[in-house]
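Fold and geometry: a report
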Amino acid sequence: MTTDESLIIRLCNQEQQSLVELYDRYYLHLWKISYRTVADNAICEEILQQIFQDVWARPNDFNNEKKLSSLLIECCQTKINLISLQKSS
């Protein structure tokens, strides 16, 4: 079992420390992805907050055959796209 698999199991069990570990492990990477596209600190913070809230609320959505990092990046890109759509309308 990988550390990410173990982390997801702990998230499914609502262990708060697992959310801290997830944040510490992926925050900077997700920040860089969002900032490259959005280039606004406040919006990037909002995107990351939504991602981590989603993982905490629905950890099983992040528990499948894909790597956790890939799922988080997909989630980040989805949030970025939603914000872009909101800005253009």
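Fair warning: this is a prediction, and the values are worked out from it, not measured in the lab. Per chain, residues are indexed from 1 in the order of the written sequence. Local features are withheld for residues below a pLDDT of 70 in this predicted model, meaning they are given only at 70 or higher, and side-chain atom pairs are given and counted only at 80 or more; totals for whole chains, interfaces and linings count all residues. Here the side-chain values reflect all heavy atoms present in the structure, with hydrogen atoms and water set aside.

**Some words on the overall build of the protein**
Going along the chain from the N terminus, every DSSP run of H or I of four or more residues is numbered as a helix, and every run of E of two or more is numbered as a strand. Secondary structure summary: the protein contains four helices and zero strands in total. In the protein, the succession of helices and strands from N to C terminus is α-α-α-α. In terms of C-alpha radius of gyration, the protein reaches 13 Å, essentially the compact-globule figure of 12 Å for 89 residues. Projected onto the principal axes, the alpha-carbon positions of the protein cover approximately 40 × 20 × 20 Å. Think of it in three bands: with a 1.4 Å probe and only protein chains considered, a residue is buried below 20% of the maximum accessible area for its type, exposed above 50%, and partly exposed in between. In the protein, which comprises 89 residues, the share counted as buried stands at 37%. Here the open area of atoms and residues is found with the Shrake-Rupley method and a 1.4 Å probe, where only the protein chains shown may cover a residue. A total of about 5600 Å² of accessible surface is found on the protein, and carbon and sulfur atoms cover 49% of it. Asp and Glu count as negative and Lys and Arg as positive, but His and the ends of the chain are not part of the count. All charge positions are set by atom: Lys at NZ, Arg at CZ, Asp at CG, Glu at CD. Put simply, the protein has 9 plus and 12 minus side-chain charges, and the middle of one group is 5 Å from the middle of the other. The globule rule used for comparison is 2.2 Å times the number of residues to the exponent 0.38, while the radius of gyration itself is calculated over C-alpha atoms.

**Some points on the packing of aromatic side chains**
Any two rings among Phe, Tyr and Trp, with Trp reduced to its six-membered ring, count as a pair given centres within 6.5 Å; such a pair is stacked if its planes are under 30 degrees apart, edge-to-face if over 60, and tilted if neither. In this structure the tally under the stated criterion is four aromatic pairs. Aromatic pair Tyr23 and Tyr27: ring centres 4.7 Å apart, planes at 35 degrees, arrangement tilted. With Tyr23 and Tyr27 both in helix H2 (residues 16-38) and four residues apart, the pair spans about one turn of that helix. For Tyr27, a relative accessible area of 18% gives the class buried. With centroids separated by 5.3 Å and ring planes inclined at 55 degrees, the aromatic side chains of Tyr23 and Phe52 adopt a geometry described as tilted. Residue Tyr23 is found in helix H2, and its partner Phe52 is found in helix H3 (residues 41-57); the two are separated by 29 residues along the sequence. Taken together, the aromatic side chains of Tyr23, Tyr27, Trp31, Tyr35 and Phe52 make up a single cluster linked through ring pairs.

**Describing helix H1 (residues 3-12)**
Restricting attention to buried positions, one finds in H1 the residues Asp4, Leu7, Ile8, Arg10 and Leu11. Angular distribution of buried residues about the axis of H1 spans 160 degrees; they occupy a single face of the element. Taken together, the buried residues of H1 touch H2, H3 and helix H4 (68-88). This arc is taken over the directions from the axis of the helix to the C-beta atoms. Whether two residues touch is decided by their heavy atoms; if any such pair falls within 4.5 Å, the residues are in contact.

**Considerations on the side chain of Lys79**
Relative to the elements of secondary structure, Lys79 occurs in helix H4. Discounting chain neighbours no more than four positions away, the residues touching Lys79 are Ile47, Gln50, Ile51 and Asp54.

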